[in-house]
Structure formats: structure tokens, C-alpha cells
Amino acid sequence: MTDRVPRTDGGTPPVDEPGRAWVFGDDIDTDQITPSRFLVSTEPAELAEHAFNDLRPAFSADVEAGDFVVAGENFGGGSSREHAPLSLIGAGVSAVVAQSFARIFFRNAINLGLPVLICPDAGAIEDGASVSIDLDAGLVYDHDAGETYEAEPLPQFLQELVDQGGLEAYTRQKLATTSE
Amino acid sequence: MSSSARTITEKILSTKAGREVTAGDYVEAEIDAMVGHDVTGPLAIEVFESVTGEDGTVANPENVVFTLDHHAPADGVEAANNHNIVRDFAETYGTHQYEISDGICHQVMIEEGFVRPGDLIIGADSHSTTYGGLGAFGTGVGSTDLGTVFATGELWFRVPETIRFEVEGALPDGVYAKDLILRFIGDVGFDGATYKTAEYGGSAIADLPIHQRLVLSNMAIEMGGKAGIVEPDDRTVTYLERQSGLDVSLDPDLVSDPDADYEAVYTYRGSDLAPQVSKPSNPENAVDIDEVAGTPVDQVFVGTCTNGRYEDIRAVADVLKGEQIDSNTRLIVVPASKTVYQTCLETGVLETLVDAGATFQSAGCGPCAGYHQGVLGDDDVCLATANRNFPGREGSMQSQVYLASPATAGATALYGEITDPRGLETERYDDYAVATAEGGR
Ligand code: SF4
């Protein structure tokens, strides 16, 4: 296992700095985020090279750290593969804003410390727009359109998980407390 | 403490959390058994090692199971290396580990006795909902969840709301649990049960043998469900005794209370249902078979954690006994487990299928997720007993996959086009029904 790149806890760029919105439609499933033939790697940077490989090849080529993924309904349906949120973390995505999420993707993202926000108005954001987020207030700013959209704030338990950098950091803390 | 009526989901999660909880609550609960496979396992192992450091301890190694099923046998160097990561870990920490010949994680978990009514079971695989067919709360999680549970033995959950699907009366000949679940998914949509438990009940469900109940629970995830549960009964007990070698006594309270709070209840009359086919490229595209009958098919795939059990493969053999598959169609059969394989061998089902022109492969996931052993080319049209038909799921992004029951798959292989199994000689199905009546083989 030594040759594997160490995972980072909560290594996503700050969400309050503007970044480009990559806009996707409804029902983007995990097969489309990370096609199964690329699942042999678990390394975020390597997975990032194939993010949206078949659906939108330009993404992996042009995405920059601090960019956002914006999507419609039911983002991340399908298999439980953590490779999907991991590939977005590897690509430097700050957060995913969607009208709704599939359950396992939502859970995986929280566990990995990737902020995910449910925003019913996400559909109004245009591809390429400059956006940023106020996580505490649950607000999404569209700087190009000059609009602010309300998002559902995360329940407190989940906010704590994200704040701590994800489930790994949370568990490390828990193990440290119980072994004291 | 609340005195209100509860769903089976609320009851199981209350027991495991050690306090009374209802839908919407967040809990940390103890896990009874967990499984990872050759794709998700290595990542979970990495998480475990990252969390615990050099000399970590697995909290309950006797509850930890690994299978090698997605790339089995290994189809490339990286897959082979992943297998070895899992083998090494299992040996070091004393967990269970099954080999490339043993079969698909969900089938192995059930056959090997890791699933009991009332258990809380997780798998780093979305079809871990399958265990609900035996009255357990089974749910799919990510590798990070799994890796941290190796270390702590517990995990966080939001207690889900429940949607109930109620089916009364008998199902017509040629209509199976697979047809029911495709209809449910078609009606509520691909995300219709997101974050929720799909609970299945009514006289038609109570009449289903366990291998068919497992199909309902397995595909709860295709409507976004967190779990899919059938309340356990005497059939469950008989099945566990015969298939898993378990001696379980049923807790009479392990059912939803009659006035439990459901988010929605959908009711069906069994006799109204026709065989269903989900058109490409979403399971929710379910239609009565009439609408697509006659569509030419290049490949028929029978297998997966949905419909790769002995009774499923037997249903295909019943149709093909003494016949030849259509010369323009390929038939790929992949048993869900080694036990299924052996039963096919012992009963002559394997011989029947090979004689009919099938390609019969070793146990595992096969081409289900497009890895190997029968992936589809650009213009291929496939009818599969699988659970998903997303674009590119079984190979090329241009290929097309229809989902249907094993009986429909057998009829389709025979004629090379989507074929209604109700049109075929029926005594074979009667034979099949008798063999499975008790919930066993
Ligand atoms: S058979 Fe298919 S759906 Fe089931 S576990 Fe294997 S790849 Fe997943």
C-alpha cells in the first residue's frame, strides 16, 4: 500500500472564492461521472483524468482547482462507487451544487469532506458562470447573473462531519477519545 | 419514549442505536455484518489504514466479509493486484474472504449465513439492499464508511421514511417479482424512493418464495431507496435453515405496526400485471412486454445479484430444454455463486443450457457492470436479467440494454427477439413453481 498517494482529509478549495460553474443536467449517474472501466485506480488525481470521460471530455482537460460542479435533479445515482466524488476532489472541485442528489453520492461526498449543497434554483446557473458559496448561510452566488440562490443548509451533524474534514478525521478523533 | 406505531425500519434502527428513534433522526448504530468487494474493498482498506495507522485493530473481524466478484477471475494486472490487497488484508486481520470462484458478494453473504432478520448490514456496494428480502436492514455505503466501520464497528445513519408497496392477489403465470419491481420503479421513477425504505407487503408478496423477494429488495436502489424490506415470516426461517444453515427464531414484533407512518402507500392487484421490460437506458422505462415484443436482440444475459440464482437459471433452462437458441443471438449465463453453479451442474440445468447454445461462465458479476466476460459492442442490443441499463453500463455507450425477468430472457433467447414468456408451453413453469413453493429450491 506504500506506493499509494496518501488521502487528504478535507482537501477541497475554499467555497467562498469564485470559480467556474460546470453545469450538467438531470440524472447524471456514477457511470457517467466515472465510467466503470477506470475504477481500477483509487487515486484522486488519476481518477480526475477520467471524470465525465464519455459524457464531457472537456471537463478533465480544462477544469481548474476552485471550480464548481452544478447539476440538476438526482446527481450521482447508480453504483456506490466513491471513485465518483473522489474524482471530483482530485479535479479540485470546491463543491457540488445540485437540485437534488442520489443518496449514496451525497453520503460519500460528506464522508470525504466534499461540500454538497441542495439548491432548488441550481438550474438557473449557466455553464461557465462565476459562482461561490456561503456554506453557513446556505447561499449560492451567481456573480455573472448577479443573483443569489437559497440552498438547504446541511443538518448540524453533517456540517460537523464536513467541518472536521470528513468521516476519516471524525473517526480518528473518535478512536483517540475512546482509547484515552 | 414515544408510544406511536413504528415501521420495521424504525424498529431495527432503534434496537441497533440503543434508543427509540423515528424517521429523520440521525443515529450511530452497531453493524452486524459488512461486505466489501474487489472494486470497493481496496479503497476501504486504504481508509482503514489511514484512520488507524500502523497497528490498527479491526473491531469485529468475524463480521467483516470480502468477496472477489467484479473482476473474477482477474481480467488485468490492476484487478489482480486489487485481489491481492484484499487477500493480504483478510489474512492479516482475520476477516472472512471469499475467492474468485465463490460468487457475487450479496449471494455469498446470504448463503454463508451472514444475514438474519432484524440485522443491520452494510456493504460497499449499492445492491446491499438485497438483504431486506430476509427482513434485515441492508444498505449500500461508500468505501470510507466501510473502512471506518472496520475500525469502530458502528456507523452514522439518518433513519429513513418508508414507502410501502402493497400487492394483493395472485400473480398471473409468467409474471414474477422482477416484473413487479420493474413496474414499481416505472411508477415512482428512478429517484422516487431516494433516502427512503421501500417496504413490500400484501398477500402476493407473502406468497413469493424468498429468492423472488430478494429481487424486490435488490432493486430498491433503482428507485433511489436506502433499503428494501419484506417483513420476515415462516418462509424466511425455512429458507435460512436450508440455504444458509441458520437456526433463527422469529421475533413476532419484527414487522411494521398496522398504523405505522408511511410517506406513501402504492397498491396493486396482482392479476392486473403483465411481464415488464425496462427499455434503454433507465430502469424506470418499464413497459408491458407487448410494447417491445419483437425487438431483435443480439445478446441475452442471465445472471447478476438480481436474477442469477438457481431458480432464475432454471427458468431459462425450462424454456430452452431440447431447443436451440436463435442463431442470431448469443446467450451468456453467469451463476451468482459457486453453490448456484454446482446446483446447475447437479440438476442438469447446465447441460441443458450448454446444449441449447449458451455460454456458461464461472460465478461472479460477469458483464453486469461492463468489466468483462461478455461486454457489448457499439450497436449491440441486449436483454438482461440485470438491474441497470444506464448508457454504457454493459459496454459501449452506443449499446442498448433491456431489463426483464429470467422467463422473458429464456423466451427471448429462443426466438432472438423480445418474446412474451406467457405464450410458451406452461407445464414447464408449473414444474418450476412446485419446486420453489416452500421458499427453498
Ligand atoms: S452483479 Fe452487477 S449489480 Fe450485482 S454486485 Fe455485481 S456488478 Fe453490482
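Thresholds, definitions, all that
Residues numbered from 1 in each chain as written. Chains lettered and ligands numbered in written order. Predicted model: local features only at pLDDT ≥ 70, side-chain atom pairs only at ≥ 80, totals over all residues. Heavy atoms only, no water. Helix = DSSP H or I, 4+ residues; strand = E, 2+ residues; numbered from the N terminus. Buried < 20%, exposed > 50% of the residue type's maximum accessible area, 1.4 Å probe, protein only. Areas by Shrake-Rupley, 256 points an atom, 1.4 Å probe, with all protein chains shown as cover. Lys, Arg positive; Asp, Glu negative; His and termini not counted. Charge placed at Lys NZ, Arg CZ, Asp CG, Glu CD. Pairing = 2+ DSSP bridges. Axes fitted to C-alpha atoms, helices over the stretch in contact; angles between N-to-C directions. Near = heavy atom within 4 Å. 1 Å grid on protein atoms, 1.4 Å probe; cavity = no way out; pocket = protein on both sides within 12 Å on 5 of 7 lines; lining within 4 Å. Sits in = over half its atoms within 2 Å of the grid points. Nonpolar A, V, L, I, M, F, W, Y, C, P; charged D, E, K, R; others polar. Domains from an automatic or database assignment. Phe/Tyr/Trp six-rings, centres within 6.5 Å; stacked < 30°, edge-to-face > 60°. Core = buried A, V, L, I, M, F, W, Y, C linked by side-chain atoms within 4.5 Å. Contact = heavy atoms within 4.5 Å. Points joined across faces, edges and corners; volume = space filled by probe spheres on them. Buried area = accessible area lost by both parts, 1.4 Å probe. Salt bridge = Lys/Arg side-chain N within 4 Å of Asp/Glu carboxyl O. Polar contact = N/O pair within 3.5 Å; in protein donor to acceptor, adjacent residues only side chain to side chain. Expected span 1.5 Å × (residues − 1). Arc of directions from axis to C-beta.

**What to know about the overall build of chain A**
In terms of helices and strands, chain A carries 7 helices and 7 strands. Going from the N terminus to the C terminus, chain A shows its helices and strands as β-α-α-α-β-α-β-α-β-β-β-β-α-α. In terms of its C-alpha atoms, chain A occupies a principal-axis envelope of roughly 50 × 35 × 25 Å. The buried share of chain A, reckoned over its 180 residues, is 58%. Looking at chain A as shown, the accessible area adds up to about 6900 Å², and 47% of this sits on carbon and sulfur atoms. Mean positive and mean negative side-chain charge positions of chain A (10 and 31 charges, respectively) differ by 11 Å.

**What about helix α4 (residues 83–90) of chain A?**
Residues and elements named next belong to chain A. The buried fraction of α4 is high, at 7 of 8 residues. Taken together, the buried positions of α4 are occupied by His 83, Ala 84, Pro 85, Leu 86, Ser 87, Leu 88 and Ile 89. Backbone geometry just downstream of α4 places Gly 92 in the positive-phi region, at approximately 85°.

**Description of the sheet that holds strand β1 (residues 19–23) of chain A**
Residue and element names in this part refer to chain A. Pairing within the open sheet is mixed, and its 7 strands lie in the order β4-β3-β2-β1-β5-β6-β7. Each end of this open sheet is capped by a strand with a single partner; those strands are β4 (116–118) and β7 (147–150). Neighbour to neighbour, the strand axes of the sheet diverge by 30° on average, direction disregarded. Examined bridge by bridge, strand β5 (residues 130–134) and strand β6 (residues 139–142) share 4 bridges and lie antiparallel to one another. For Asp 134, the partnering residue across the bridge sits in β6 and is Leu 139.

**Considerations on the site of the ligand**
Residue and element names in this part refer to chain B. Within the structure, the ligand sits among His 70, Ile 104, Asp 125, His 127, Thr 304, Cys 305, Cys 365, Cys 368, Ala 369, Asn 387 and Arg 393. Judged by the proximity of its atoms to the pocket grid, the ligand belongs to the largest cavity. In terms of residue class, the shell around the ligand is made up of 5 nonpolar, 4 polar and 2 charged. Two domains share the shell around the ligand, each providing at least three of its residues, namely domain 1 (8–268) and domain 2 (278–422).

**Observations regarding the packing of aromatic side chains**
The final tally for this structure, using the stated rule, is 27 aromatic pairs over all chains. Arranged with centres 5.7 Å apart and planes meeting at 55°, the rings of Phe101(A) and Phe106(A) form a pair that is tilted. You can call Phe106(A) buried: its relative accessible area is 10%. Look at Phe48(B) and Phe89(B): their rings are 5.5 Å apart centre to centre, the planes differ by 85°, and that puts the pair in the edge-to-face class. Taken together, the residues Phe48(B) in helix α2 (residues 41–52) and Phe89(B) in helix α3 (residues 77–93) connect sequence positions 41 residues apart. Here the two residues Phe48(B) and Phe89(B) agree in accessibility, since each one is buried. Feature note: the residues Phe75(A), Phe101(A), Phe105(A), Phe106(A) and Tyr195(B) constitute an aromatic cluster, connected by ring pairs.

**A short note on the pairing of strand β14 (residues 299–302) of chain B**
All names here are of chain B. Burial along β14 is two-sided: the residues Gln 299 and Phe 301 and Val 300 and Val 302 are all buried. Sheet analysis places β14 next to strand β17 (residues 381–384), joined by 3 bridges and oriented parallel. Across the sheet, residue Gln 299 finds its bridge partner in β17, namely Cys 382. Where β14 lies against strand β15 (residues 330–333), 4 bridges are found, and the strand directions are parallel. When the bridges of β15 are listed, Val 302 appears paired with Val 333.

**Concerning the nonpolar core**
In globular proteins that are soluble, nonpolar side chains generally tend to be buried together. Core analysis: the biggest nonpolar cluster contains 74 residues, and Phe59(A), Phe75(A) and Leu88(A) have the highest contact counts within it. If near-sequence neighbours (up to four positions away) are discounted, Phe59(A) is found in contact with Trp22(A), Phe24(A), Ala51(A), Phe52(A), Val69(A), Leu88(A), Ala91(A) and Val93(A). The next biggest cluster of nonpolar side chains, apart from the first, holds 36 residues, and it includes Tyr200(B), Met223(B), Val230(B) and Ile332(B).

**Quick word on the environment of Asn74(A)**
Checked against the element boundaries, Asn74(A) lands in the loop between β2 (68–71) and α4. The class of Asn74(A) is buried, set by a relative accessible area of 2%. For the pair formed by Asn74(A) and Asp27(A), sequence separation is 47 residues and the distance between their alpha carbons is 5.1 Å. Asn74(A) has contacts with Asp27(A), Ile28(A), Ser100(A), Phe101(A), Ala102(A), Phe190(B), Asp191(B) and Thr194(B), leaving out every residue within four places of it along the chain.

**Re empty space enclosed by the protein**
All names here are of chain B. Tallied over the entire structure, the rule returns 6 cavities of 30 Å³ or more. Reported here for the largest cavity is a volume of approximately 230 Å³. Around the largest cavity sit 25 residues that line it, and His 37, His 70, Asp 125, Ala 369 and Arg 393 are the ones nearest its centre. Among the elements of the structure, α4 (105–111) and α10 (304–307) are those that each provide at least two residues to the lining of the largest cavity.

**What to know about the interface of chain B and chain A**
In many analyses, interface size is given as the accessible surface area lost on bringing the parts together. Contacts between the two partners involve 47 residues from chain B and, on the opposite side, 43 residues from chain A. Between chain B and chain A, a total of about 4000 Å² is buried, with carbon and sulfur atoms accounting for 58% of that surface. Together, Glu46(B), Trp156(B) and Tyr195(B) form the three largest contributors to the area buried by chain B at its contact with chain A, with a combined 17%. Run the count over chain B and chain A and you get 4 salt bridges. The partner of Arg393(B) in a salt bridge is Asp31(A), and the shortest N-O contact between them spans 3.8 Å. Put simply, chain B and chain A have 16 residue pairs in polar contact (both at pLDDT 80 or more) between them. For the side of chain B that touches chain A, the secondary structure elements donating two or more residues are β1 (26–30), α2, α3, β6 (137–140), α5 (143–152) and β7 (154–158) of chain B.

**Quick word on the sheet that holds strand β3 (residues 64–66) of chain B**
Whether parallel or antiparallel, the strands of a sheet pair through hydrogen bonds between backbone atoms. As summarised here, the arrangement of the 5 strands in space is β4-β3-β2-β5-β6 (chain B), forming an open sheet in which the pairing is parallel. Either end of the sheet is taken by a strand with one partner, and the two such strands are β4 (96–97) and β6 of chain B.

**Observations concerning α3(B)**
Residue and element names in this part refer to chain B. A rise of 1.5 Å per residue sets the reference length of α3, with its 17 residues, at 24 Å; its end C-alpha atoms lie 24 Å apart and thus fit the reference within 8%. Looking at α3, one finds that the buried residues are Ala 79, Asn 82, His 83, Ile 85, Val 86, Phe 89, Ala 90 and Tyr 93. One face of α3 carries all of its buried residues, which in axial projection span an arc of 155°. Opposite the packed face of α3, turned more than 90 degrees from it, sit the exposed residues Val 77, Asp 88, Glu 91 and Thr 92. Next to the buried residues of α3 lie α2, β3, β4 and α5. Where α3 ends, the next residue or the one after it, Gly 94, has phi of about 70°, a positive value.

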